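Chain and residue survey
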Amino acid sequence: MPNAWKLLIIDDCATDRKIYRRFLLKDPHHYYQILEADSAEVGLGLCQNMPCDLILLDFCLPDMSGIEFLDQLRQKTFGSSVPVIMLTGRGDEEIAVEAMKKGVQDYLVKQHLKADVLQLAVRNVIKQLCLQTQLQKTQERQRLIATMLLRIRQSLDLEEILYTAVREVQQMLKCDRVIVCQSSPEADSDQTGQNYTTDQNNPLLCYWAGSDDCNFNPLELLDNKANLMVPITLSDQQTVSKPWGFLIAHQCTGKREWQSDELEVLCEVSVQLAIAIQQAELLTKTQAALEKEKQLNAFKSQIITTISHEYRTPLASILAAASTLKQYGDHLEELKKHKFLHIIEQKARHMSKLIDDMLVMNQFELNKTKFKTIPLDLEQFFSSLISEQQQLVSDRHEFIFQSTGNNKGFWGDQGLLRLIFSNLMSNAIKYSPKGGNVEFHLIGKESEVIFFIQDQGIGIPIADQTNLFQPFCRGSNVDTLPGTGLGLAITKACVELHGGSITLDSQPDQGTKVTVCLPKQHIQKSSH
Ligand code: ATP
Ligand code: MG
């Protein structure tokens with residue numbers, strides 16, 4: 001049986017009430033539940049206790065006029081607007097017009113009232129009533145959505161935005177749970193969500209609000225057609241759409257027939273969420289770029305300070321040696337001349353290395369370092385590197401090279417590997433001014449190789465060790481040993497490009513051991 005409309009007939013004439021009842025119950029389009037009152041007083045009482053959908057009101061009642069009844073009805077039902085159809089006698093049309101001004105929906109002349117006329121009038125008023133209710137509902141929903149969206153958009157923090165969204169939508173839809181899930185970037189996401197994946201061990205963004213008892217498994221949710229789900233799609237200025245994830249309303253306690261306006265709410269929230277997500281992502285990117293810019297600026301001013309500081313001394317030596325040669329060159333012995341030329345050459349080399357290091361570091365800071373791996377025979381690579389270094393050191397140092405394990409199958413960037421190990425070797429020698437052994441071990445494992453360089457030099461104070469991989473940081477015990485503090489920063493950046501790690505183990509006056517672990521093959525995520 002369809003839902004019945006509740007109708008109240010107020011008329012003091014029992015015969016008329018009977019006629020109207022008969023007419024209305026014959027209506028093939030609607031089903032009515034009919035209440036009757038033979039006076040205004042009884043009618044008002046019924047309206048208060050059993051709210052009805054429509055009133056058929058006889059204008060001439062024994063205890064009060066129709067107009068008085070309308071006033072009392074509004075008062076007693078606190079202004080509720082139950083629609084009223086007024087029934088008047090012939091010639092009472094003027095009064096009926098007055099009643100319509102008071103809010104009555106329609107009026108009918110009682111004499112010779114036909115069934116179809118009454119049915120049509122009642123049906124029209126009911127139709128109006130439905131439209132009005134629908135309009136009110138839509139307006140109320142729009143108001144709630146606007147308030148909710150305002151709350152969502154009040155933040156630029158993605159986590160807060162998503163939490164607010166699920167909480168607000170869950171409260172609005174009154175369902176068990178509302179979930180926002182970010183789909184896996186690897187998933188070839190189509191709009192149906194069928195390729196949607198989540199990894200519980202490595203959770204993607206997944207926020208929900210609602211019952212904790214509800215069995216929550218996003219994958220199962222997507223299979224369940226009883227859930228309401230809409231995609232969240234980001235679009236950039238070139239209007240390229242990028243699937244981001246899903247907004248899901250979930251009901252696990254019993255089946256739920258989702259209404260079209262509930263789907264509309266979800267769609268609207270998903271559009272707004274997409275905008276908010278994009279804004280939050282943009283903010284994060286801008287902040288990261290600003291931070292990077294700050295670091296670059298700090299780095300550049302550090303470079304200027306270092307160059308002006310580090311260049312002054314060698315430049316003064318070069319100038320002094322050059323002017324001595326120019327002024328007294330003809331009178332100097334060959335040996336002395338050679339000594340001055342050596343000073344010039346050495347200082348110029350030092351200055352050139354400084355510039356090279358700064359340029360390398362700058363490339364790293366700008367993420368522009370070229371990284372190209374090739375298969376390498378590590379033993380051959382290190383033997384030639386060590387013999388190169390050996391020529392540069394005095395007899396007080398001895399290099400001991402040892403290689404164990406399986407070193408086959410290693411891929412690396414030759415230039416960057418050179419930077420790593422020449423820096424570490426030069427440190428081991430430079431910071432062992434009294435000489436000693438420099439041990440160099442290469443240990444091949446199944447999927448990685450481990451190198452360590454151990455010296456017997458001045459070591460590093462514990463307090464200085466944490467910052468040494470930052471550009472321009474030096475130990476407090478270097479005294480007059482030359483250096484700019486760039487070597488380890490460059491080394492670490494090169495190691496990281498290979499997907500490896502570097503650690504340092506040292507005690508003052510006990511020597512230093514630097515360990516580098518590199519995967520045999522490293523696939524770079526983003527190209528530099
Ligand atoms: P350069 O840029 O010319 O290499 P540097 O040697 O001072 O200058 P890094 O190689 O970055 O710079 O080393 C940073 C600091 O770490 C050094 O100044 C030194 O204090 C400390 N250090 C590095 N290696 C050793 C080592 N083997 N023994 C003792 N101290 C070391
Ligand atoms: Mg160094």
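In short, a report on the structure. (Residues numbered from 1 in each chain as written. Chains lettered and ligands numbered in written order. Predicted model: local features only at pLDDT ≥ 70, side-chain atom pairs only at ≥ 80, totals over all residues. Heavy atoms only, no water.)

**Overview of the overall build of the protein**
Worth spelling out the cut-off: For the purposes of this entry, the term helix denotes a DSSP run of H or I that reaches at least four residues, the term strand denotes a run of E that reaches at least two, and both are numbered from the N terminus. Burial classes follow relative accessibility: with a 1.4 Å probe on protein chains only, a residue under 20% of its type's maximum area counts as buried, one over 50% as exposed, and anything between as partly exposed. By the convention used here, residues are in contact when the closest approach between their heavy atoms is within 4.5 Å. Working definition of accessibility: Shrake-Rupley area with a 1.4 Å probe, residue cover restricted to the visible protein chains.
If you tally the helices and strands in the protein, you get 13 helices and 16 strands. Across the 528 residues in the protein, those meeting the buried criterion constitute 42%. At a minimum sequence separation of 6, the contacts of the protein that also span at least 24 residues come to 67%. Split by element, the accessible area of the protein, about 30,300 Å² in all, is 52% carbon and sulfur.

**What to know about the sheet that holds strand S16 (residues 512-519)**
The line we're drawing: Strands are treated as partners if at least two bridges between them are detected by DSSP. Lines fitted to the C-alpha atoms define the axes, with helices restricted to the stretch that makes contact. Angles between their N-to-C directions range from 0 to 180 degrees.
One open sheet accounts for five strands, arranged S11-S13-S14-S16-S15; its pairing is mixed. On the outer flanks of this sheet lie strand S11 (397-405) and strand S15 (501-506), each paired with one strand and no other. Strand-to-strand, the axes of this sheet are offset by a mean angle of 15°, without reference to chain direction. Note: S15 against S16, six bridges, orientation antiparallel. Within S16, the residue paired with Ile 502 across the bridge is Val 516. Packing against the sheet, helix H10 (residues 378-392) makes contact with S11, strand S13 (436-444) and strand S14 (448-454), and its axis sits at approximately 175° to S11. Helix H13 (residues 487-497) contacts S15 and S16 of the sheet and is inclined by roughly 140° relative to S15.

**Some details on the pattern of salt bridges**
Inclusion rule: Definition used for salt bridges: Asp or Glu carboxyl oxygen within 4 Å of a side-chain nitrogen of Lys or Arg.
Summed over all chains, the structure comprises 15 salt bridges. Across the salt bridge formed by Glu 36 and Arg 17, the nearest N and O atoms sit 2.9 Å from each other. Note that Glu 36 is positioned in strand S2 (residues 32-37) and Arg 17 in helix H1 (residues 14-25), a separation of 19 residues in sequence. For Glu 36, a relative accessible area of 29% translates into the label partly exposed. Salt-bridge contacts for Asp 71 lead to Lys 102; the nearest nitrogen and oxygen are separated by 3.2 Å. Of this pair, Asp 71 sits in helix H3 (residues 66-76) while Lys 102 sits in the loop between helix H4 (93-101) and strand S5 (106-109), placing them 31 residues apart in sequence. Assessed through its relative accessible area of 38%, Lys 102 is described here as partly exposed. Members of the salt-bridge network, linked through shared partners, are Asp 11, Asp 16, Asp 58 and Lys 110.

**Description of helix H11 (residues 414-430)**
The test is simple: In a helix, the anticipated span is given by 1.5 Å times the number of residues less one. The definition of a polar contact used here is a pair of N or O atoms within 3.5 Å, where within protein one atom must be able to donate a hydrogen and the other to accept one, and adjacent residues in sequence count solely through side-chain atom pairs.
With 17 residues, H11 ought to run about 24 Å at 1.5 Å a step, and its terminal C-alpha atoms sit 24 Å apart, in line with that. Between the side-chain oxygen at the start of H11 and the backbone nitrogen of Gly 415 there is a gap of 3.1 Å, and the oxygen is on Asp 413.

**A short note on the site of ligand 1**
To keep it simple, the criterion reads: If even one non-hydrogen atom of a residue comes within 4 Å of a molecule or strand, that residue is called near it.
The environment of ligand 1 is made up of 20 residues, and the closest members are Tyr 431, Asp 455, Arg 474, Gly 475 and Leu 488. Separating an oxygen atom of ligand 1 from a side-chain N or O atom of Thr 484 is a distance of 3.0 Å. Protein contacts shield 97% of the accessible area of ligand 1, which totals 590 Å² for the unbound molecule. Of all the elements in the fold, those that place two or more residues in the shell around ligand 1 are H11 and H13. Element by element, the count of residues in the shell around ligand 1 is highest for H11, at three residues.

**As for the nonpolar core**
One broad rule of soluble globular proteins: the nonpolar side chains tend to lie buried together. Stated formally: In this description, a nonpolar core means a group of buried Ala, Val, Leu, Ile, Met, Phe, Trp, Tyr and Cys residues linked to one another through side-chain atoms lying within 4.5 Å. Bear in mind that the domain bounds are from an automatic or database domain assignment.
Ranked by size, the top nonpolar core spans 50 residues in total, and within it Phe 382, Leu 417, Phe 421, Leu 424, Met 425, Phe 451 and Leu 518 carry the most contacts. If you tally residues by element for this core, the top one is H11, at eight residues. Viewed by domain, this core spans two of them, domain 3 (289-362) and domain 4 (370-519), each represented by three or more residues. Among all residues touching Phe 382, those that are not within four sequence positions of it are Phe 401, Phe 421, Phe 440, Leu 442 and Phe 451.

**Observations regarding the sheet that holds strand S4 (residues 84-88)**
Strand order across the open sheet formed by five strands is S2-S1-S3-S4-S5, with parallel pairing between neighbours. Of all strands in the sheet, those bounded by a partner on one side alone are S2 and S5. Each strand of the sheet is rotated relative to its neighbour by a mean of 20°, with strand direction disregarded. Alignment of strand S1 (residues 5-10) against strand S3 (residues 54-58), held across four bridges, turns out to be parallel. Across the sheet, residue Leu 8 finds its bridge partner in S3, namely Ile 55. Contacting S1, S2, S3, S4 and S5, helix H5 (residues 115-153) runs over the sheet at an angle of about 175° to S5.

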